[in-house]
Each structure stands twice: as C-alpha cells, then as structure tokens.
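Observations on the model geometry
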Amino acid sequence: MTIAPKTALITGAASGIGQAMASRLAREGMNIVIADINDAEETLSLVKGAGQKALYVRCDVSSEDDVSSLERQVREAFGGVDVLVNNAGIYAVQSFEDMQLSDWKRMLAINLDSVFLFSKAFCPWMKERRWGRVVNVASTTFQLSTPTAPHYVASKGGVIGFTRALATHLGPFGITVNAISPGLTRTPATEAFHDRRLADVNAVRAIPRAALPDDLAGALAFLVTDDASFITAQTIAVDGGQVRM
C-alpha cells in the first residue's frame, strides 16, 4: 500500500488508541501533530524514534479558541495537514435518570463538537490541495445501543452522521471521510473496566480476544492510503466481529 500524505493531525494522541495511531503513521513515514489536553511526551518520543517530525500542542478540543491557536501553529510548522484523525473523546457510565444537562453538554462538546471544529479548521487546506483523508473515531456502542451511557451513544451517533454528510460535501475535492468504530478496547483509561467485562465481550466476538489499540491503528493506516481512495462515507467496525453488519 502507498501512503501519499506527509503530515497527520491526531486528536487525543497522548495515550491509548490515539498514541497507537500516531506511532503507526509515523512508522509509515508521516510527520505527526498531537492535539491533547494531557501531556504527550511518550507519544512524541515514539514519533521521533520512528524518524519523523512531531509537534505537540496542548489543546482543549472542545474550545474554538484552542483549535484556532492550534491551526496557526500547525500552519507555521507544516503548512497544513494531509490527514485529520478526530480521535479525542471521553466515556462515562451514567444512567439516564442520574444524568444532568451539564453531563450531556460536556459529552457532546468533547466527542462531537470537536469533530466539527477540527474539520472546519483543517479541511479547507485539503480542499486547496484536492486531496485529503479525514478519519473519525466513533463507537460500536451506537450499533449496540448501549443503555448505560446514552449521552455517549448519542455523541458517537452524531459522529457517524457527520461523517456521512462531510464525505458527501468533500468528495468532489478528492477528500475521503470515514469513521472507525472500536468495540471495548484495552487502553490505560479502560483497563479496570475492561477486565471486568472481558469475558462477556469475548463471548460474543467472532474473534474471541481482547481488542488492542494497534488493531485500530492498522485500520487507520489502510484508510489513509491511495488504495482506499474510493472508500468514503463508511463506518468500519473494528471489534473482532461483535457487531456484524
């Protein structure tokens, strides 16, 4: 497979799935921009260890001011980005009865508003070049209608809907827009919860093993290649066959 682009911006790449994605694209020869509210020294080390340039900007992905500041820094450092990966997100188990409007708004701000803000900031560069890749991280909880986190499910359903609409808008400019939907994945943030649920999840997966961040990174690496140039507006479940579509 041929990876044509040179620079990828990945939100939430300080750890977990985002870190695995940054490391994989760096090994494929891409420079990496990391947008995260958390320290990203470990990811920076992985990218530089692969021989690529790296830029970390501390960023609240739900803040329009922070995204605008990041856009200016990326323009100065790289001139633009070829790949945008909207990965940053939060998850919370919370019943509908206990949920407050503030909980709902925070979830949608980080998980969905950020996808709009980053697409708005960086897709114009791709339009000028008439080439680009946008990959949004959704979740199979949308297909499974998980009842313990209705605000999270709603936010990821919004990501899938936005992916389809943006793909239709940007297709004429040679830009593809797709979503990757992970199932329950073992990361530092989910490890304790993951261990409690692992047996139950594995029992309904076609491939009965734990999902790892590298599984998602592999799917991303394919979607940003020229071999995926005619795939757009799609949501790809990377969950070992828990969801069968």
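Residues numbered from 1 in each chain as written. Predicted model: local features only at pLDDT ≥ 70, side-chain atom pairs only at ≥ 80, totals over all residues. Heavy atoms only, no water.

Some thoughts on the sheet that holds strand 2 (residues 31-36)
The strand order across the open sheet formed by 7 strands is 3-2-1-4-5-6-7, and the pairing between neighbours is parallel. Looking at which strands have only one partner, the edges of the open sheet turn out to be strand 3 (54-58) and strand 7 (235-238). Here the strands of the sheet are splayed against their neighbours by 15° on average, with no regard to which way each runs. Against the sheet, helix 2 (residues 41-49) makes contact with strand 2 and strand 3, and its axis sits at roughly 165° relative to strand 3, the strand it touches most. The strands that helix 8 (residues 213-223) touches are strand 4 (83-86), strand 5 (132-137), strand 6 (175-182) and strand 7; relative to strand 6, the one it contacts most, it runs at about 165°. (Pairing = 2+ DSSP bridges. Helix = DSSP H or I, 4+ residues; strand = E, 2+ residues; numbered from the N terminus. Axes fitted to C-alpha atoms, helices over the stretch in contact; angles between N-to-C directions. Contact = heavy atoms within 4.5 Å.)

A short note on the packing of aromatic side chains
Within this structure, the stated rule accounts for 3 aromatic pairs. Summarising the aromatic geometry, the rings of Y91 and Y152 are spaced 4.6 Å apart at their centres and angled 90° between planes, so their arrangement reads as edge-to-face. One end of the pair, Y91, is in the loop between strand 4 and helix 4 (101-129); the other, Y152, is in helix 6 (residues 150-170), and 61 residues separate them in sequence. Note on F118 and F122: the rings are 6.1 Å apart at their centroids and 15° apart in plane angle, and the pair reads as stacked. Of this pair, F118 and F122 both sit in helix 4, 4 residues apart, roughly one helical turn. A single burial state applies to F118 and to F122, both of which are buried. Pairwise contacts between aromatic rings join F118, F122 and W125 into one cluster. For the cation-ring pair, K127 lies above F173, with the distance from its terminal atom to the ring centre recorded as 4.7 Å. (Phe/Tyr/Trp six-rings, centres within 6.5 Å; stacked < 30°, edge-to-face > 60°. Buried < 20%, exposed > 50% of the residue type's maximum accessible area, 1.4 Å probe, protein only. Lys NZ or Arg CZ within 6 Å of the ring centre and 35° of its normal.)

Topic: unusual backbone geometry
Non-glycine residue R130 carries a positive phi angle of around 55°. In this fold, R130 is placed in the loop between helix 4 and strand 5.

Some details on the environment of S15
Considering the arrangement of structural elements, one finds S15 in the loop between strand 1 (7-11) and helix 1 (16-27). With a relative accessible area of 40%, S15 lands in the partly exposed category.

A closer look at the pairing of strand 1
On a regular strand, one side chain projects to one face of the sheet and the next to the other, so that they alternate. By the criterion of burial, strand 1 is predominantly enclosed, with 5 of the 5 residues buried. Taken together, the 5 bridges between strand 1 and strand 2 define a ladder with parallel strand orientation. Its bridge partner being in strand 2, A8 is matched across the sheet by I32. Note that the unit made of strand 1, helix 1 and strand 2 has a crossover that is right-handed. Pairing between strand 1 and strand 4: 3 bridges, direction parallel. Residue pairing for strand 4: I10 is matched across the bridge by V85. (Right-handed = clockwise from strand over helix to strand, strands pointing away.)

Some remarks on the side chain of S139
Inspection of the secondary structure puts S139 in the loop between strand 5 and helix 5 (141-144). Side chain to side chain, S139 and T141 meet in a polar contact 2.8 Å long. In this structure, S139 is in contact with Y152, K156, S181 and P182, ignoring residues within four places of it in sequence. (Polar contact = N/O pair within 3.5 Å; in protein donor to acceptor, adjacent residues only side chain to side chain.)

What about helix 3 (residues 64-78)?
The end-to-end C-alpha distance of helix 3, which contains 15 residues, comes to 21 Å, matching closely the 21 Å that a straight helix rising 1.5 Å per residue would cover. Inspection of helix 3 places V67, L70, E71 and V74 among the buried residues, and these make up the whole buried set. Mapping the buried residues of helix 3 onto a view down its axis gives an arc of 105°, with all of them on the same face. In helix 3, the exposed residues that point more than 90 degrees away from the buried face are D65 and E76. Where helix 3 is buried, its residues meet strand 1, strand 2, strand 3 and helix 4. Remark: G79 follows helix 3 within two positions and exhibits a positive phi of approximately 85°. (Expected span 1.5 Å × (residues − 1). Arc of directions from axis to C-beta.)

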